[in-house]
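One-letter residues, chain by chain:
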Amino acid sequence: MSTARKLKVMASVSNSLSFKHGLSLWCPQSPSLHRIRHSSAKNFQRRGFVVAYSSFANENREFVIVGGGNAAGYAARTFVEHGMADGRLCIVSKEAYAPYERPALTKGYLFPLDKKPARLPGFHTCVGSGGERQTPEWYKEKGIEMIYQDPVTSIDIEKQTLITNSGKLLKYGSLIVATGCTASRFPDKIGGYLPGVHYIRDVADADALISSLEKAKKVVVVGGGYIGMEVAAAAVGWKLDTTIIFPENHLLQRLFTPSLAQRYEQLYQQNGVKFVKGASIKNLEAGSDGRVAAVKLEDGSTIDADTIVIGIGAKPTVSPFERVGLNSSVGGIQVDGQFRTSMPGIFAIGDVAAFPLKMYDRIARVEHVDHARRSAQHCVTALLSAQTHTYDYLPYFYSRVFEYEGSPRKVWWQFFGDNVGETIEIGNFDPKIATFWIDSGKLKGVLVESGSPEEFQLLPTLARSQPFVDKAKLQQASSVEEALEIARAALPVEAAV
């Protein structure tokens, strides 16, 4: 490595930060962000030594990524683009597969077997964003060391070493934590681990669910969020008796308005899905064969089920990296706008990172594939180059369901921005509908169902620009197309598209 390159890499790993606790993405309050403080020259020299002399001939690795999900795959691509992967990069994963586009697991992967379900290697990263399919062979060709099914179990920050489950010792120069999340589970004492109870986080989980669906008659989905909605839609494709149970008053309560949720609930009901809202689960009951047989609610009623899917959220996988510095408010590992943690040379990206959401002036942790991709690219580019600008993420969420062959109605919505303020809903859901969030006269967020490519392309521009809109005029729009045109006309000249 040249002297200039050594200095650049050493400088990139020498920074630390100090953050106060922030608030989650979905909370409108906005604590001020705090400035970074830089580490001493002593740390600069110590951290740079290992980076400059790392080698795969022994336990030393110049760059190590812990985690094998979306963020790891996009980070690997960015290392390759900078010419810094070959013989320098190691990825340590608990999974048996090279990084893949995880959203497929609750969408195309669950399609019935006669309706062309998604399967690997078809959805390895980075095909989800139109990039190259990074198969295991791709990593070999690029000189990237892949360690499969061997998660990291401990870290010695002072010695810059990791130990995996198999006892493998790895020394790192720069470490990127991309461990993502783990599915929240029901306790064993209420039946959370009974045969026939499923959680979805990886390919093995999805394969186990498919095996159950092949034999199932009655499916209960617990949770009215993304996972619940997507799994229930898949179960409809299998022509199974399907019930969704959740404690809230309507679907996807953290984003959908009651009116918008009602539209989607009616669509699901038209497809035979039943809803049990506002319900609390007491326990899952086993049958005589030991498999799950029913859900017992707190009101004493029971719902028969031979397959149950729990989709009640996820928790950031911070172990064994707790000493790196956690955020007690939104969870995860605290980082700055370039994904540097409080420990020099250690970074965190994707679902596990609690980062400054610049445009809303608060700390957030985002569990979404778009953020996983973008945070990985931003972090690695900052690490390997002179890039110093702060990550400026625009919150984005979407879902696609009922997209299998033969489905009478395919659903695809996109949301950009912040769901704060009052709402205006335009359209009648046949198939389009749009919801606008307006706060103090500014357009803060927008959701569109079944938009055209051009309409979807407009949404991030609207959400980022936050134009002042004429609410009365918007409310009088006779169609989604007219409403979007009114919003477009409100854009400042430099942002208009």
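Only a predicted model underlies this, so the values are computations on that prediction, with no experimental measurement involved.

**Q** Would you mind showing me how to read the pairing of strand β13 (residues 292-297) here?
**A** Regular strands have side chains that alternate between both faces of the sheet. Taken together, the five bridges between strand β12 (residues 281-286) and β13 define a ladder with antiparallel strand orientation. By the bridge assignment for β13, leucine 284 is matched with valine 295. Alignment of β13 against strand β14 (residues 302-304), held across three bridges, turns out to be antiparallel. Opposite lysine 296, over in β14, you have threonine 302 as the bridge partner. Turn length for the β13-β14 hairpin, with the two strands adjacent in sequence and antiparallel, is four residues, and the turn residue glycine 300 shows positive phi of about 95°.

**Q** Hey, could you run me through the pattern of salt bridges in this one?
**A** When their charged atoms lie close together, side chains carrying opposite charge are able to pair. With the rule as written, the count across this model stands at 22 salt bridges. With a shortest N-O distance of 2.7 Å, aspartate 336 and arginine 340 are connected by a salt bridge. You can call aspartate 336 buried: its relative accessible area is 1%. The exposure class of arginine 340 is buried, given its relative accessible area of 8%. Residue lysine 432 is joined to glutamate 481 by a salt bridge in which the shortest nitrogen-to-oxygen separation is 2.9 Å. Of this pair, lysine 432 sits in the loop between β23 (422-426) and β24 (433-439) while glutamate 481 sits in helix α11 (residues 480-489), placing them 49 residues apart in sequence. The buried category is assigned to lysine 432, whose relative accessible area is 18%. Note on glutamate 481: relative accessible area 39%, which makes it partly exposed. Each of Lys432, Glu455 and Glu481 takes part in salt bridges that share partners, so that together they form one network.

**Q** Just checking my understanding: could you explain the pairing of strand β10 (residues 241-246) for this structure?
**A** Of all six residues in β10, five are buried, a share of seventy percent or more. Note that strand β9 (residues 218-222) and β10 share five bridges and pair parallel. Across the sheet, the residue bridging to valine 221 is isoleucine 244, located in β10. This β-α-β element, β9 to helix α6 (residues 226-237) to β10, shows right-handed connectivity. Following the backbone out of β10, through helix α7 (residues 258-270) and into the adjacent parallel strand β11 (residues 274-277), one traces a crossover that is right-handed.

**Q** What am I meant to see in the side chain of arginine 409 here?
**A** Considering the arrangement of structural elements, one finds arginine 409 in the loop between β21 (396-401) and β22 (411-417). A polar side-chain atom of arginine 409 sits 3.3 Å from the main-chain carbonyl oxygen of phenylalanine 429. Once residues within four sequence positions are removed from consideration, arginine 409 is found in contact with Leu267, Phe402, Phe429, Pro431, Glu449 and Ser450.

**Q** Looking at this model, I keep getting lost on the packing of aromatic side chains. Mind explaining?
**A** Given two aromatic rings, their pairing is described by the distance between the two centres and the angle made by the two planes. Following the criterion strictly, the structure yields 22 aromatic pairs and no others. Ring geometry for phenylalanine 256 versus tryptophan 413: centroids 5.5 Å apart, planes at 65°, classification edge-to-face. Of this pair, phenylalanine 256 sits in the loop between β10 and α7 while tryptophan 413 sits in strand β22, and the two are 157 residues apart along the sequence. Side by side, phenylalanine 256 and tryptophan 413 carry an identical accessibility label, which is buried. Among the aromatic residues, ring-to-ring pairing joins Tyr226, Phe256, Tyr264, Phe397, Trp413 and Phe429 into one connected group. Against the face of phenylalanine 429 rests arginine 409, its NZ or CZ located 4.4 Å from the ring centre.

About the thresholds
Residues numbered from 1 in each chain as written. Predicted model: local features only at pLDDT ≥ 70, side-chain atom pairs only at ≥ 80, totals over all residues. Heavy atoms only, no water. Pairing = 2+ DSSP bridges. Helix = DSSP H or I, 4+ residues; strand = E, 2+ residues; numbered from the N terminus. Salt bridge = Lys/Arg side-chain N within 4 Å of Asp/Glu carboxyl O. Buried < 20%, exposed > 50% of the residue type's maximum accessible area, 1.4 Å probe, protein only. Right-handed = clockwise from strand over helix to strand, strands pointing away. Polar contact = N/O pair within 3.5 Å; in protein donor to acceptor, adjacent residues only side chain to side chain. Contact = heavy atoms within 4.5 Å. Phe/Tyr/Trp six-rings, centres within 6.5 Å; stacked < 30°, edge-to-face > 60°. Lys NZ or Arg CZ within 6 Å of the ring centre and 35° of its normal.

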